[in-house]
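# Descriptive analysis of the structure
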Amino acid sequence: ISSADIDGFRVDTPMQVPLEFFKAWAPAMREHASSLGKDKFGMFGEFFVEVERYATMTGRGKTPDMYGHEAFIEGPSTLKGGIDYTYYWY
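Below is a short write-up of the structure. (Residues numbered from 1 in each chain as written. Predicted model: local features only at pLDDT ≥ 70, side-chain atom pairs only at ≥ 80, totals over all residues. Heavy atoms only, no water.)

## Quick look at the packing of aromatic side chains
Centre-to-centre distance and the angle between the planes together describe a pair of aromatic rings. Tallied over the entire structure, the rule returns four aromatic pairs. Each ring, one from Phe21 and one from Trp25, has its centre 5.8 Å from the other, and the planes form 20 degrees; the classification is stacked. Here Phe21 and its partner Trp25 are both found in helix α1 (residues 19–35), four residues apart, which amounts to about one turn of the helix. Residue classification places Phe21 among the partly exposed positions, given a relative accessible area of 40%. (Phe/Tyr/Trp six-rings, centres within 6.5 Å; stacked < 30°, edge-to-face > 60°. Helix = DSSP H or I, 4+ residues; strand = E, 2+ residues; numbered from the N terminus. Buried < 20%, exposed > 50% of the residue type's maximum accessible area, 1.4 Å probe, protein only.)

Given below as structure tokens:
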């Protein structure tokens, strides 16, 4: 962020990395970006999974049993969104 003056970060296949990593890494990235005046620093993932699966990686995340309830995975927000390529070739 500092050396290249980027305004956002795309994460390729975040499903290959444990959620606990993103719960620590994403807030640290946003905090560093904010210290440089980039309060709207964007981070998103590229997914090739069903929506129910990538929902665990965006925002605070939800597991399928949390749908229809005001319940979220514990901890800080992770990725701000994602692109789902599951049906791209169909």
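## So, the pairing of strand β2 (residues 42–47)
Side chains Met43, Gly45 and Phe47 project from β2 onto a buried face, and the interleaved Gly42, Phe44 and Glu46 project onto a face without burial. Where strand β1 (residues 8–12) lies against β2, five bridges are found, and the strand directions are parallel. Bridge pairing in β2 places Asp12 opposite Glu46. Regarding topology, α1 serves as the crossover connection from β1 to the parallel β2, and that connection is right-handed. Both β2 and strand β3 (residues 81–84) contribute to a ladder of four bridges, which runs parallel. Following the sheet pairing, Glu46 is matched in β3 by Ile83. (Pairing = 2+ DSSP bridges. Right-handed = clockwise from strand over helix to strand, strands pointing away.)

## Digging into the side chain of Lys38
Along the chain, Lys38 falls in the loop between α1 and β2. The class of Lys38 is buried, set by a relative accessible area of 13%. Polar side-chain contacts of Lys38 include one of 3.2 Å to the backbone oxygen of Ile6. (Polar contact = N/O pair within 3.5 Å; in protein donor to acceptor, adjacent residues only side chain to side chain.)

## Details of the sheet that holds β1
Paired through their backbone hydrogen bonds, the strands of a sheet run either parallel or antiparallel. Judged by pairing direction, the sheet is parallel, and its three strands sit side by side in the order β1-β2-β3 without closing on themselves. With one partner strand each, in any of the chains shown, β1 and β3 form the two edges of the open sheet. Here the average twist between neighbouring strands, direction ignored, is 25 degrees. (Axes fitted to C-alpha atoms, helices over the stretch in contact; angles between N-to-C directions.)

## Brief notes about α1
A rise of 1.5 Å per residue sets the reference length of α1, with its 17 residues, at 24 Å; its end C-alpha atoms lie 24 Å apart and thus fit the reference within 8%. Within the sequence span of α1, burial applies to Leu19, Phe22, Lys23, Trp25, Ala26, Met29, Arg30 and Ala33. Looking at the packing, one finds that the buried side of α1 touches β1 and β2. Positive phi appears at Gly37, one or two residues downstream of α1, with a value of about 85 degrees. (Expected span 1.5 Å × (residues − 1). Contact = heavy atoms within 4.5 Å.)

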